[in-house]
Amino acid sequence: GFSPYNSPHSIALRIAGNIGWEAAKNPEIAQWGHYMEPAILNHWEEFEGKVKLQIRGETIYHPEVEWMAATPDGMNLEKPAIVDAKNVDWKRAIQFRENLPDDFIIQGLWQAGVYNAYAPTLGFPKATQTFFHCAIGNRPPKQYAIPFDQSAFDKLVIIATDFREKVFNGNFDFGSKLFIA
């Protein structure tokens, strides 16, 4: 997969909304991050001037593609804001020097794309970006914004659809890596 923490199989199940942090390669670290989410999201609300995240941790589904799902850590429907809280250890901190690592960028793009397909069905405005509020190495969170790019999301959908078909047809090597061209 795109994540150094999850296998391609668990990524596929997450895309479909079927598993959570419990299936990560290191569930203890993932669980700690899960416990830290509320504090990081509360900090984001203060950082943004008391903007409230009305929805936290709910899975949203694409209205036309039943297997396509995303679970942002928080959403504000008026702003609109999609927020993902990250608690990153010092080993990975160097990857955040200039920008977010690719796996986070892809996650943010996926979340915004699924949300943007879902939002109009409820009369919500579409998101123009996903925010990552990252506590790195036990320091106060730093914010990163990933602008939404529909054409990049469309490419991700093609990759995910191809991956899903290979998995269901038994033609995917779970030891391999996926790459965006």
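You'll find the structure just up there.
Because the structure is predicted, anything quoted here is derived from the model rather than measured.

Conventions adopted
Within any chain, residue numbers begin from 1 and follow the written order of that chain's sequence. Whole-chain, interface and lining totals are the exception, using all residues; otherwise, since this is a predicted model, local features are given only for residues with pLDDT of at least 70 and side-chain atom pairs are given and counted only at 80 or more. As a rule here, side-chain values come from all non-hydrogen atoms in the structure, and water together with hydrogens is ignored. Put simply, buried Ala, Val, Leu, Ile, Met, Phe, Trp, Tyr and Cys residues joined by side-chain atoms within 4.5 Å make one nonpolar core. Burial status follows relative accessibility: with a 1.4 Å probe on protein chains alone, a residue under 20% of its type maximum counts as buried, one over 50% as exposed, and anything between as partly exposed. Secondary structure follows DSSP: runs of H or I at least 4 residues long count as helices, runs of E at least 2 residues long count as strands, and numbering of each begins at the N terminus. By convention, a stacked pair of Phe, Tyr or Trp rings (six-membered ring in the case of Trp) has centres within 6.5 Å and planes under 30 degrees apart, an edge-to-face pair has planes over 60 apart, and any other such pair is tilted. Charge over a ring is defined by NZ of Lys or CZ of Arg lying within 6 Å of the ring centre and within 35 degrees of the ring normal. The working definition used for a salt bridge is a side-chain nitrogen of Lys or Arg within 4 Å of a carboxyl oxygen of Asp or Glu. For a crossover, the right-handed case is the one in which the path from the first strand over the helix to the second runs clockwise, viewed with the strands pointing away from the viewer. Paired strands are those between which DSSP finds at least two bridges. What a helix should span is 1.5 Å times the count of its residues minus one. The arc in question is the one spanned by the directions pointing from the helix axis to the C-beta atoms. A residue's bend is simply the angle between two axes: one fitted to the seven residues ending at it, one to the seven starting at it. Note on contacts: a residue pair qualifies if any of its non-hydrogen atoms lie within 4.5 Å across the two residues. Here a polar contact is recorded for every N or O atom pair within 3.5 Å, except that within protein the pair must consist of a potential hydrogen donor and a potential acceptor, and residues adjacent in sequence are included only if both atoms are side-chain atoms.

**Section: the nonpolar core**
Nonpolar side chains tend toward joint burial in soluble globular proteins.
1) Next: Counting 21 residues, the largest nonpolar core has Ile60, Met68, Met75, Trp110, Val114, Tyr115 and Phe153 as the members making the most contacts within it.
2) Next: Those elements that provide at least two residues to this core are helix 3 (102-118) and helix 4 (150-168).

**Section: the packing of aromatic side chains**
1) Next: Scanning the model with the defined rule gives four aromatic pairs in all.
2) Next: Judged by centre distance (5.6 Å) and plane angle (55 degrees), the rings of tryptophan 110 and phenylalanine 153 are tilted. Placement of the pair is tryptophan 110 in helix 3 and phenylalanine 153 in helix 4, with a sequence separation of 43 residues. By the burial criterion, tryptophan 110 is buried, and phenylalanine 153 matches it.
3) Next: Taken together, the ring pairs in this structure connect Trp110, Phe148 and Phe153 into an aromatic cluster.
4) Next: Sitting above the plane of the phenylalanine 104 ring, lysine 86 keeps its charged end 4.7 Å from the centroid.

**A look at the pattern of salt bridges**
1) Next: A full pass over the atoms with the stated rule returns four salt bridges.
2) Next: For arginine 56, the salt bridge is made with glutamate 45, and the minimal N-O distance between the two is 3.1 Å. With arginine 56 in strand 1 (residues 55-56) and glutamate 45 in helix 2 (residues 27-47), the pair connects residues that are 11 residues apart, well separated along the chain.
3) Next: Using a relative accessible area of 6% as the deciding quantity, one classes glutamate 45 as buried.
4) Next: The partner of aspartate 162 in a salt bridge is lysine 166, with the nearest N and O atoms 3.3 Å apart. Residue aspartate 162 and its partner lysine 166 are located together in helix 4, separated by four residues, close to a single helical turn.

**Regarding the pairing of strand 6 (residues 129-136)**
Side-chain positions along a regular strand alternate between the two faces of the sheet.
1) Next: Burial analysis of strand 6 places seven of its eight residues in the buried class, the great majority of the element.
2) Next: Note that the unit made of strand 5 (residues 81-88), helix 3 and strand 6 has a crossover that is right-handed.
3) Next: Where strand 6 meets strand 7 (residues 142-147), six bridges bridge the pair, whose relative direction is antiparallel. The residue bridging glutamine 129 from the neighbouring strand is proline 147, located in strand 7.
4) Next: Where strand 6 hands over to strand 7, the hairpin turn is made up of five residues, of which glycine 137 adopts a positive phi near 60 degrees.

**So, helix 4**
1) Next: Here helix 4 spans 27 Å end to end across 19 residues, near enough to the 27 Å set by a 1.5 Å rise per residue.
2) Next: Within the span of helix 4, buried status applies to Phe153, Leu156, Val157, Ala160 and Phe163. Down the axis of helix 4, the sector holding all buried residues measures 135 degrees, keeping them to one side.
3) Next: Directly after helix 4, the chain includes glycine 170, whose backbone phi takes a positive value near 70 degrees.

**Topic: helix 2**
Because an α-helix packs 3.6 residues into every turn, residues spaced three or four apart end up facing the same way.
1) Next: In this model helix 2 runs 29 Å from its N-terminal to its C-terminal C-alpha over 21 residues, within 8% of the 30 Å that 1.5 Å per residue would give.
2) Next: Most pronounced at methionine 36, the bend in helix 2 amounts to some 40 degrees, and the proline proline 38 follows within four residues.
3) Next: Of all the positions in helix 2, only Gly33, Glu37, Ile40, Leu41, Trp44 and Glu45 are classed as buried.
4) Next: Buried positions along helix 2 lie against strand 1, strand 4 (74-76), strand 5, strand 6 and strand 7.
5) Next: Among the residues trailing helix 2, glycine 49 stands out with phi positive, at a value near 80 degrees.

**Topic: the side chain of histidine 62**
1) Next: Inspection of the secondary structure assignment puts histidine 62 in the loop between strand 2 (60-61) and strand 3 (69-70).
2) Next: For histidine 62, a relative accessible area of 14% corresponds to the buried category.
3) Next: Among the polar contacts listed, one links the side chain of histidine 62 to the backbone nitrogen of glutamate 64, at a separation of 3.0 Å.
4) Next: A distance of 3.2 Å separates a polar side-chain atom of histidine 62 from the backbone nitrogen of valine 65.
5) Next: Apart from residues no more than four positions distant in its own chain, histidine 62 is found in contact with Met68, Val114 and Ala117.

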